[in-house]
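Commentary on secondary and tertiary structure
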Amino acid sequence: MPHAVTIATPGLQALILCGPGSSFPTFTANPDENPKALLPIANRPMVWYPLEFCYRAGITNITLICPPSAKEAIDSALKTNPFLTGLPLPRPDLLAPEDLDQNTGTAEILRLPELQSLVTSDFLVLPCDLVCELGPEKLLQAWMVKSANLGDVLGDSRTSQGKHSGGLSVYYQTKSETPIKGEETEFIATVPLPSSSVLPASGSLFPHLSKLVCSMPTDTLKDTLEDKKGFPSRHDLVEQHPKIKMHTTHRDAHIYIFPQWVMKFVKENDRLETIGEDVIGWWAKASWQKGLSSKLGFDEFLALPVEDSSSQHGGTNSPRGETTTTNTTSLETATQKLSLNSTPAEEPNQVVTFKTPKVEEPNPMESASKSVEVPPLLAYIHPTSTGTPAKPTPIIRRVDTAQLLLQISLQLAKLPSLEEIHDTTNPPSPYCHARKVAYPEGVKPRTTISKSDSLVADNVTVSEKTSIKESVIGANCQIGEGAKLQGCLLMDGVVVGKNCKLTKCIMGRRAELGEGCSLTGCEVQENLLVEAKTEAKEEKFMSSSGLEATKEELDDAYDEGDDDEEGSVGGEGSGSDEE
């Protein structure tokens, strides 16, 4: 069901990175035909969630980035999948750079020529495995108020006063009611933002914003503590920020709001491989570590651009070839852009007036000794206990493992359907389905389906004496007589035989279970047949297709073995003759 666009965000681009899905070996063994971006979360394709997030934010300039090998599958899904075709217009673009493969880092993706020419404004970076129920307009508002610069937003460097827009990243707590064992976490250190005399509005994200000063994977922190027998801290950090708060159980949601200059930062520093660990980590350090900003090139790509505007604005050229404006034309233009009316006011504003500062020729030696101010990098720490039963805390999670795929799918299945919601005071979740059982005609009598925590998609047939509790059933599935499903995720086209018992299992597309199977905590690959009466626990059923040796390979192996045997016999004979 498409959702209405709630806010206009002119000029902001969105990049959705569609990775290979190496953390789903059971279901993405062939990433070209079954890319990670198309795995279902609560019966919707995974990539639907970040796309819907962008449309809710009013962002329509959206580009999906994927390897060339996965382009055909994703392009086909964008044209045929009913959930993806039901999203608002315009459709997202699909970009598959030639040099992008399954091992390319996220920062390396931004460095590709196709991306460098694509990004022409401030932009948003999202992973394809993001599920974010939080209103994106709140994140954009927080970034614009606390980190964005007027000159960068308006595209006029003369109004920036030497400062530039910063960035914003999002983190969430992994120690939830149902934690996932072994889930990745980040070590982040934050400092409070300057206090404001104005109280934030109800529902604002400002109380949960802070400045990020350090970020690294928790595994890296543990290795550092083990090697150095303690946590090394620099005096620069403690001197500048005496109040530091450290988090070790939060995870990077990979939601980044970046200004356009970040593309230059990534391009100039070719050692940056990933966004989360390298771009964010080095940017946070550069804000307080002396000399680091110059080493990373901030002085160069944050310098005011040279513009051929002296004839229009009466500027004078500095020794470095930059143009210095000596009138208020740019400020007047900026004021007109922010005005609600299309024509400027006839009389000058009596409350706010702009004065042209005295322009002095810069001293080259003095300029060289000073580094530019590193734009702030903000961190939004998503709270965990602000919700109520009537209005729970919005979900923010990455779904990049099979355990998370099952957990988040079952969590979303507990949301009430649109036909069940009668309270109009609180808006429903954007992830609510229209109906819990999309095709009730396919359900036979004498069956038990727990609608409060289950989802049954279109064209599903359920035979008699079947029990389905806390499960998600994909489209075109067939559930045999007497089957019992508890806490399971079935993708499209799965066939479950009679009297099967499944508990906490994930079944790939078009997988088939023979009669009488009993599986607990298992994963079954797509198009795989599990023989009848199979009993298993915590196993992964995967096909060996493509691993068998061909007849030619077997013949070659036998020939090589015969040659080796003849060579060894000949050697022994020649040795005996010499003796």
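A brief report on the enclosed structure follows. As the structure is a computational prediction, the values presented were derived from the model and not from experiment. (Residues numbered from 1 in each chain as written. Predicted model: local features only at pLDDT ≥ 70, side-chain atom pairs only at ≥ 80, totals over all residues. Heavy atoms only, no water.)

Regarding the sheet that holds strand S22 (residues 484–486)
Operational definition: For two strands to count as paired, DSSP must find a minimum of two bridges between them. In DSSP terms, a helix is any run of H or I states spanning at least four residues, a strand is any run of E spanning at least two, and both are numbered starting from the N terminus.
Spatially, S16-S19-S22-S25-S28-S31 is the arrangement adopted by the six strands of the open sheet, whose pairing is parallel. Of all strands in the sheet, those with a lone pairing partner are strand S16 (448–449) and strand S31 (535–537), marking the two edges. Here three bridges tie strand S28 (residues 518–520) to S31, and the two strands are oriented parallel to one another. From the neighbouring strand, Ser-518 faces S31, where its bridge partner is Glu-535.

Focus on the side chain of Thr-174
The test is simple: Think of a polar contact as two N or O atoms within 3.5 Å of one another; within protein, one of them needs to be a possible hydrogen donor and the other a possible acceptor, and neighboring residues in sequence only count if both atoms come from side chains. In this analysis, two residues are considered to be in contact whenever any of their non-hydrogen atoms come within 4.5 Å of each other.
Note on placement: Thr-174 falls in the loop between strand S8 (167–173) and strand S9 (186–191). Looking at Thr-174, its side chain comes within polar contact range of the main-chain oxygen of Thr-249, at 2.6 Å. Setting aside chain neighbours within four positions, we find Thr-174 in contact with Pro-179, Glu-183, Glu-184, Thr-185, Thr-249, His-250 and Arg-251.

Describing the sheet that holds strand S20 (residues 472–473)
Spatially, S17-S20-S23-S26-S29-S32 is the arrangement adopted by the six strands of the open sheet, whose pairing is parallel. The sheet is open, and its two borders are formed by strand S17 (455–456) and strand S32 (540–541), each paired with just one other strand. By the bridge criterion, two bridges tie strand S26 (residues 506–507) to strand S29 (residues 523–524) in an arrangement that is parallel. What sits directly across from Ile-506, in S29, is Glu-523.

Overview of helix H17 (residues 402–413)
Selection rule: Helix span, as expected, comes to 1.5 Å for every residue beyond the first. Note on exposure labels: buried denotes an accessible area under 20% of the residue type's maximum, exposed denotes more than 50%, and partly exposed covers the range between, all computed with a 1.4 Å probe on protein chains only.
Between its terminal C-alpha atoms H17 stretches 17 Å, which fits the 16 Å expected from 12 residues at 1.5 Å a residue. Turning to H17, its buried residues are Ala-402, Leu-404, Leu-405, Leu-406, Gln-407, Ile-408, Ser-409, Leu-410, Leu-412 and Ala-413.

Points about the packing of aromatic side chains
Basically, it comes down to this: Between the rings of Phe, Tyr and Trp (Trp by its six-membered ring), a pair exists once the centres lie within 6.5 Å; its type follows the angle of the planes, with under 30 degrees stacked, over 60 edge-to-face, and the other angles tilted.
Evaluated as defined, the whole model comprises 10 aromatic pairs. Measuring from ring centre to ring centre gives 5.0 Å for Tyr-49 and Tyr-431, while their planes differ by 70 degrees; the resulting arrangement is edge-to-face. One end of the pair, Tyr-49, is in helix H1 (residues 48–56); the other, Tyr-431, is in the loop between H17 and S16, and 382 residues separate them in sequence. Take Tyr-49: its relative accessible area is 0%, and that puts it in the buried class. The exposure class assigned to Tyr-431 is buried, which follows from its relative accessible area of 1%. Ring centres of Phe-123 and Phe-258 lie 5.7 Å apart, and the angle between their planes is 70 degrees; this geometry places the pair in the edge-to-face category. Placement of the pair is Phe-123 in strand S6 (residues 123–127) and Phe-258 in strand S11 (residues 245–258), with a sequence separation of 135 residues. Grouping residues by exposure puts Phe-123 and Phe-258 together as buried. Taken together, the ring pairs connect Phe-123, Tyr-256, Phe-258, Trp-261, Phe-265, Trp-283 and Phe-298 into an aromatic cluster.

Examining the pattern of salt bridges
Side chains that differ in charge, positive against negative, can pair when their charged atoms come close. Condition: By salt bridge we mean one thing: a side-chain nitrogen of Lys or Arg within 4 Å of a carboxyl oxygen of Asp or Glu.
Inspection of the entire model under this criterion finds 11 salt bridges. Taking the shortest distance from any N to any O, the salt bridge between Glu-470 and Lys-414 comes out at 3.9 Å. Here Lys-414 lies in the loop between H17 and S16 and Glu-470 lies in the loop between strand S19 (467–469) and S20, a separation of 56 residues in the sequence. For Lys-414, a relative accessible area of 48% translates into the label partly exposed. In this structure, the salt-bridge partner of Arg-446 is Glu-464, at a minimum N-O distance of 2.8 Å. With Arg-446 in the loop between H17 and S16 and Glu-464 in the loop between strand S18 (461–462) and S19, the pair connects residues that are 18 residues apart, well separated along the chain. By relative accessible area, Glu-464 is classed as partly exposed at 27%.

With respect to helix H2 (residues 71–80)
Put simply, the rule reads: What the arc covers is the set of directions going from the helix axis to the C-beta atoms.
Turning to H2, its buried residues are Ala-73, Ile-74, Ala-77 and Leu-78. When H2 is viewed along its axis, its buried side chains cluster within an angular range of 135 degrees and face the same direction. Residues of H2 that are exposed and point over 90 degrees away from its buried face: Glu-72, Lys-79 and Thr-80. In this structure, the buried residues of H2 make contact with H1, strand S4 (62–65), helix H3 (82–85) and strand S5 (93–95).

Digging into the nonpolar core
In plain terms, the rule: By nonpolar core is meant a set of buried Ala, Val, Leu, Ile, Met, Phe, Trp, Tyr and Cys residues that side-chain atoms within 4.5 Å join together.
Ile-16, Leu-139, Leu-168 and Leu-412 are the most contacted members of the largest nonpolar core, which totals 75 residues. No other element matches H17, which puts eight residues into this core. Excluding its chain neighbours within four sequence positions, the residues that come into contact with Leu-139 are Phe-53, Leu-134, Leu-168, Val-170, Leu-205, Ile-255, Ile-257 and Tyr-380. Within the second largest apolar cluster, 38 residues are counted, among which are Leu-17, Phe-258, Leu-302 and Ile-381.

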